[in-house]
Amino acid sequence: MPGPRSTTDPRPAPDTTSDVIRWAAFCCVLVPVVLVWYGTSLAGAAGTAFGLAAVTAACRVLLRRSERCAAQRGGRHTRGETPVD
C-alpha cells in the first residue's frame, strides 16, 4: 500500500498559454492545407493562413500580457463577490 504523497515535490503548473499557442500555430498550417485539398485557390489559402497567423500573434501577446499582470497582482482574487459552488 503506497504511503502519502510527499509535499516536497510540488507539481509544476501547466503552461496552458503555450499549449494554446501551439494548437493555434498547428491550425495556421492545417487550415490552408485542408482548404487547398478541397479546391480553394492557393491565394485564398495563403490569405487565410496570413489572417490566422495575425490573430494567433495578437492572442499570444494578449495572453502573455494577462499572465504578467496576474503574476504581479499575486493571482486571482474574488473579494468574496463571486459565488462558489
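Model, not experiment: these values are computed from the prediction.

Caption draft 1: Representation of helix α1 (residues 16–37) in the model. The end-to-end C-alpha separation of α1 is 31 Å, in line with the 32 Å expected for 22 residues at 1.5 Å each. Among the residues making up α1, those that are buried are T17, S18, I21, C28 and P32.

Caption draft 2: Fine view of the pattern of salt bridges. Under the counting rule described, the total for this entry stands at 2 salt bridges. Here R22 and D19 are joined by a salt bridge, their closest N and O atoms 3.0 Å apart. Of this pair, R22 and D19 both sit in helix α1, 3 residues apart, which is roughly one turn of the helix. The partner of R64 in a salt bridge is E67, and the shortest N-O contact between them spans 3.1 Å. Of this pair, R64 and E67 both sit in helix α2 (residues 42–73), 3 residues apart, which is roughly one turn of the helix. Its relative accessible area of 33% is what places E67 among the partly exposed residues.

Caption draft 3: Structural view of the packing of aromatic side chains. The tally for this structure, following the rule as stated, stands at 1 aromatic pair. Each ring, one from W23 and one from F26, has its centre 5.8 Å from the other, and the planes form 85°; the classification is edge-to-face. Of the two residues, W23 and F26 both sit in helix α1, 3 residues apart, roughly one turn of that helix. Since its relative accessible area comes to 59%, W23 is described here as exposed. Overall, F26 belongs to the partly exposed group, its relative accessible area being 45%.

The rules behind each value
Residues numbered from 1 in each chain as written. Predicted model: local features only at pLDDT ≥ 70, side-chain atom pairs only at ≥ 80, totals over all residues. Heavy atoms only, no water. Helix = DSSP H or I, 4+ residues; strand = E, 2+ residues; numbered from the N terminus. Expected span 1.5 Å × (residues − 1). Buried < 20%, exposed > 50% of the residue type's maximum accessible area, 1.4 Å probe, protein only. Salt bridge = Lys/Arg side-chain N within 4 Å of Asp/Glu carboxyl O. Phe/Tyr/Trp six-rings, centres within 6.5 Å; stacked < 30°, edge-to-face > 60°.

Spatial relationships are all this shows, so hold off on functional conclusions.
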